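Letter by letter, the chains look like this.
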Amino acid sequence: MKLSVKARYGLKVMCILALEYGKGAIALSQIANDSGISEAYLEKVLMMLRRSDLVNSTRGASGGYELSKPPANTSVGEIVRALEDGLEIVECIGGKCADKCNCRTFSVWNKMYEAINDTLDNMSLESLISEDKK
């Protein structure tokens with residue numbers, strides 16, 4: 001399984017916003033500069049994060065983006081699922097398979113899905129930026 005560039009960039013951007021949490025909105029140009037991501041692609045990623053209520057945006061001269069809740073209350077799982085269509089690793093996890101999830105391999109995929117989500121849900125954005133500060 002390989003995560004998309006969107007997920008990797010999204011997590012990177014969320015870490016940048018977490019480091020600036022409580023200081024107000026951060027301009028798109030500053031986020032692009034700090035992350036090394038083009039503004040055009042960054043806008044797409046931030047739009048997905050905004051739709052998932054993970055970031056807020058403000059228009060105007062002092063506008064930009066900021067986390068919608070404290071870094072300690074935002075899990076890595078929330079971020080990755082927002083950018084990876086729920087992290088459903090195979091179609092049967094979402095109940096969309098031809099076998100109606102009655103195949104013998106379902107338990108493998110379901111355990112894998114649960115393990116990945118449990119791991120990501122037990123990591124907060126705060127824990128990631130705390131590692132950076134060490």
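Residues numbered from 1 in each chain as written. Predicted model: local features only at pLDDT ≥ 70, side-chain atom pairs only at ≥ 80, totals over all residues. Heavy atoms only, no water.

What about the overall build of the protein chain?
Logical step 1: A tally of helices and strands in the protein chain yields 6 helices and 2 strands.
Logical step 2: Start at the N end of the protein chain and walk to the C end: the helices and strands fall as α-α-α-β-β-α-α-α.
Logical step 3: In terms of overall dimensions, the protein chain has a C-alpha envelope of 55 × 30 × 25 Å along the principal axes.
Logical step 4: Taken across its 134 residues, the protein chain has 34% of its residues classed as buried.
Logical step 5: In the protein chain, once contacts between residues fewer than 6 apart in sequence are set aside, the share between residues at least 24 apart is 65%.
Logical step 6: Of the roughly 8000 Å² of accessible surface on the protein chain, a fraction of 48% belongs to carbon and sulfur atoms.
Logical step 7: In the protein chain, 17 positive and 18 negative side-chain charges are present, and the distance between their average locations comes to 3 Å. (Helix = DSSP H or I, 4+ residues; strand = E, 2+ residues; numbered from the N terminus. Buried < 20%, exposed > 50% of the residue type's maximum accessible area, 1.4 Å probe, protein only. Contact = heavy atoms within 4.5 Å. Areas by Shrake-Rupley, 256 points an atom, 1.4 Å probe, with all protein chains shown as cover. Lys, Arg positive; Asp, Glu negative; His and termini not counted. Charge placed at Lys NZ, Arg CZ, Asp CG, Glu CD.)

Re the pairing of strand β1 (residues 55-58)
Along any regular strand, the residues point their side chains to alternate faces of the sheet.
Logical step 1: Pairing analysis gives 4 bridges linking β1 to strand β2 (residues 64-67), with the strands arranged antiparallel. In the strand pairing of β2, V55 is matched with L67.
Logical step 2: In this structure, the hairpin formed by β1 and β2 is closed by a connection of 5 residues, where G60 is found at a positive phi of approximately 105°. (Pairing = 2+ DSSP bridges.)

Re the packing of aromatic side chains
Logical step 1: The tally for this structure, following the rule as stated, stands at 1 aromatic pair.
Logical step 2: The interplanar angle of 85° and the centroid separation of 5.7 Å between the aromatic rings of Y9 and Y41 together place this pair among those described as edge-to-face. Taken together, the positions of Y9 in helix α1 (residues 5-19) and Y41 in helix α3 (residues 39-51) put the pair 32 residues apart, joining distant regions of the chain.
Logical step 3: Judged by its relative accessible area of 27%, Y9 falls in the partly exposed class. (Phe/Tyr/Trp six-rings, centres within 6.5 Å; stacked < 30°, edge-to-face > 60°.)

Concerning α1
Logical step 1: With 15 residues, α1 should cover 21 Å at 1.5 Å per step; its first-to-last C-alpha distance of 21 Å lies within 8% of that length.
Logical step 2: Residues of α1 that are buried: A7, G10, V13, M14, C15, I16, L17 and A18. (Expected span 1.5 Å × (residues − 1).)

Quick notes on empty space enclosed by the protein
A probe as big as a water molecule, rolled over the atoms, marks out the empty space that is left.
Logical step 1: Tallied over the entire structure, the rule returns 1 cavity of 30 Å³ or more.
Logical step 2: The calculated volume of the largest cavity comes to roughly 30 Å³.
Logical step 3: Surrounding the largest cavity, L17, E20, Y21, G22, K23, G24, I26, Y65, E66 and L67 form its lining.
Logical step 4: Top element by residues in the lining of the largest cavity is β2. It accounts for 3 residues.
Logical step 5: Across the lining of the largest cavity, the residue classes break down as 5 nonpolar, 2 polar and 3 charged. (1 Å grid on protein atoms, 1.4 Å probe; cavity = no way out; pocket = protein on both sides within 12 Å on 5 of 7 lines; lining within 4 Å. Points joined across faces, edges and corners; volume = space filled by probe spheres on them. Nonpolar A, V, L, I, M, F, W, Y, C, P; charged D, E, K, R; others polar.)

Some thoughts on the confidence of the model for the protein chain
Logical step 1: Residues of the protein chain with pLDDT of at least 70 account for 90%, and the chain-wide mean is 88.
Logical step 2: Looking across the protein chain, the model is least confident in helix α6 (residues 125-133), with a mean pLDDT of 82, and most confident in β2, with 96. (pLDDT = per-residue confidence, 0-100.)

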